[in-house]
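# Overview (structure and organization)
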Amino acid sequence: MKNAGGKIIVAKFGELWLRGKNRSDYISILVGNINMKLSGERFVLDKLYDRIVIRPDEKSFESVLQKMSTLFGISAYEVTKESAPKLQAIVKESIRAMEDAKGKGAFRINAHRAHKQHKFNSEKIVAELAGAAEKKGIKVSPKKYSREINISVTKDIAYISMQRFKGLGGLPVGSSGRCIVLFSGGIDSPVAAWLAMKRGLEPVYVHMHAFPKNEDSQNSKIGSLIGMLSKYHERHKAYYIPTHRFQMAALGSGRYELLMLKRFMLKTAEKLLEKEESSMIVTGESLGQVASQTQANLFAEEQGIKASLIRPLVCFDKSEIVALAKGIGTFDESVKPYRDVCSISARHPVINSDPETVLKIEKRMKLDSVVSSAIKSAKIVESGVR
Ligand code: ATP
Ligand code: MG
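A quick note: this is a predicted structure, and the numbers were derived from the prediction, not measured. (Residues numbered from 1 in each chain as written. Chains lettered and ligands numbered in written order. Predicted model: local features only at pLDDT ≥ 70, side-chain atom pairs only at ≥ 80, totals over all residues. Heavy atoms only, no water.)

### Considering the overall build of the chain
The helix and strand tally for the chain stands at 14 helices and 13 strands. Over its C-alpha atoms, taken along the principal directions, the chain stretches across nearly 85 × 40 × 40 Å. Of all 386 residues assigned to the chain, the portion counted as buried reaches 51%. Put simply, 80% of the contacts in the chain that link residues at least 6 apart link residues at least 24 apart. Looking at the chain as shown, the accessible area adds up to about 18,700 Å², and 53% of this sits on carbon and sulfur atoms. Of the charged side chains in the chain, 62 are positive and 41 negative, and the gap between their average positions amounts to 3 Å. (Helix = DSSP H or I, 4+ residues; strand = E, 2+ residues; numbered from the N terminus. Buried < 20%, exposed > 50% of the residue type's maximum accessible area, 1.4 Å probe, protein only. Contact = heavy atoms within 4.5 Å. Areas by Shrake-Rupley, 256 points an atom, 1.4 Å probe, with all protein chains shown as cover. Lys, Arg positive; Asp, Glu negative; His and termini not counted. Charge placed at Lys NZ, Arg CZ, Asp CG, Glu CD.)

Listed below in structure tokens is the structure:
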């Protein structure tokens, strides 16, 4: 391996600090996720107490740096150089970094000494470096600055960084277990899935389709949307489930048909929970967004479902969801035409549904057996090593 001119990448965990004794488990999951994400790259990874240090090969450097922006559980990451934890060495390396830095304007110097036993403190680092910079004609100002240099001194190494990036934050995917995501291919459910991943949930996607073959739905925009979300975390599972038996059984449910379809989706997800070792179902529903998503309907569809039912978008405005979808990168794919099963249900769905009626229709159409047979005809696709 050829090192990248002494440049390394240092990742900070942010919220993982709060996790007390579970912290080291979280960090191990994060390290596993980093290794999975960087497979194919050449790098060496060191897991330290309060940071992860990645030393990419020169050729892999830019691509590794790019991938750091898609990892949940990292609050910030920096392009960093190292020096011995000695005042003169720190000043020398920092001056070199300031001279090499792109851009114009004065520097602000931020110094932090994590190891308090060193003979110098952070004020001393700032004062020495400011003096040395002035001699070289490099401007330093704590208030009127356009660039920053961050110096962090641990027991054995000082990290000197000129570029700091904000990470995605959240928790490492998998650290909160798995969840079943009811995934539609619209704008909302990919965003809901992403938010679930942000809180450490690894997704098991369940998509209901009206195609003759499961493969047709896998090869549609559903497969590509799932692929886009894998950019954030590769490991996932997807169920492609046909709805023709449901469509037959639901004939005659009139204005309740769409609600029964939702009920069918939730019951299918519920049935998969045990197998997927999860107790959480995630949907992209938002209150009042479409006529069917009323308080009464959300209540009626979920009655008796044994699960934690999470609706991350329930209080979001559509414009907020769209902005998130654009940032995540799923928006353009989500708005492509697709014959979603919801769109083939009856036109004017019930708004103020009666929970008892839902249960009656469910019995009449033998929903439980429809669910079992739907699961039997599913196509399951897995990605990423477990
Ligand atoms: P989305 O943008 O996610 O499609 P929406 O605003 O269009 O949401 P609906 O179509 O009523 O609203 O769907 C609400 C939620 O029901 C979706 O977010 C998703 O969780 C679930 N859902 C809808 N259609 C399907 C489907 N075909 N397969 C699995 N889940 C679905
Ligand atoms: Mg939809």
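The discussion continues.
### Focus on the packing of helix H9 (residues 257–273) against helix H10 (residues 295–302)
One way to put it is that H9 packs onto H10 with a least axis distance of 9 Å and a crossing angle of 45°. Classed by the angle they form, the pair H9 and H10 counts as oblique. The handedness of the crossing between H9 and H10 is right-handed. Counting all contacts with H9, which are made through Leu259, Lys262, Arg263 and Leu266, the residues of H10 involved are Asn297, Ala300, Glu301 and Glu302. Across the contact of H9 with H10, the residue classes tally to three nonpolar, one polar and four charged. (Axes fitted to C-alpha atoms, helices over the stretch in contact; angles between N-to-C directions. Parallel < 35°, antiparallel > 145°, perpendicular 65-115°, else oblique. Left-handed = near helix turned anticlockwise from the far one by under 90°. Nonpolar A, V, L, I, M, F, W, Y, C, P; charged D, E, K, R; others polar.)

### Description of the site of ligand 1
As a matter of local geometry, ligand 1 sits amid 20 residues, with Leu182, Ser184, Asp188, Ser189 and Gln289 nearest to it. Measuring from a nitrogen atom of ligand 1, one finds a backbone N or O atom of Met208 at 2.9 Å. Isolated, ligand 1 exposes 560 Å² of accessible area, and the fraction of that covered by the protein chains is 92%. When residues of the shell around ligand 1 are traced back to their parent elements, those giving at least two are helix H5 (188–198), strand E9 (202–209) and H9. Element by element, the count of residues in the shell around ligand 1 is highest for E9, at three residues. (Near = heavy atom within 4 Å. Polar contact = N/O pair within 3.5 Å; in protein donor to acceptor, adjacent residues only side chain to side chain.)

### Here we look at the pairing of strand E7 (residues 158–169)
Strand residues, when the strand is regular, have side chains that alternate between the two faces of the sheet. Note that strand E4 (residues 74–83) and E7 share nine bridges and pair antiparallel. From the neighbouring strand, Ile74 faces E7, where its bridge partner is Gly169. Bridge count between strand E6 (residues 147–153) and E7: four bridges; the pairing is antiparallel. Across the sheet, Ile151 pairs through a bridge with Ile160, a residue of E7. In sequence, E6 turns back onto E7 through a hairpin of four residues. (Pairing = 2+ DSSP bridges.)

### What about the side chain of His118?
The topology assignment puts His118 in the loop between strand E5 (107–113) and helix H4 (122–135). His118 gets classed as buried once you look at its relative accessible area, which sits at 14%. Within the structure, the side chain of His118 is placed 2.8 Å from the backbone oxygen of Thr154, a separation counted as a polar contact. Excluding residues within four positions of it along the chain, His118 makes contact with Pro85, Arg113, Val153, Thr154 and Lys155.

### Observations regarding the sheet that holds strand E12 (residues 308–310)
Pairing within the open sheet is mixed, and its six strands lie in the order E12-E11-E8-E9-E10-E13. Because the sheet does not close on itself, it has two edges, and the strands there are E12 and strand E13 (379–383). Shown here is a sheet whose adjacent strand axes are inclined to one another by a mean of 20°, direction ignored. Sheet topology note: the strand E8 (residues 178–182)/E9 ladder contains five bridges and is parallel. In the sheet register, Leu182 faces E9, and the bridge partner there is Val206. On the sheet, H5 packs against E8, E9 and strand E11 (280–282) and is oriented at approximately 170° with respect to E8. The sheet contacts of H9 involve E8, E9, strand E10 (236–242), E11 and E12, and relative to E8 the element is tilted by about 160°.

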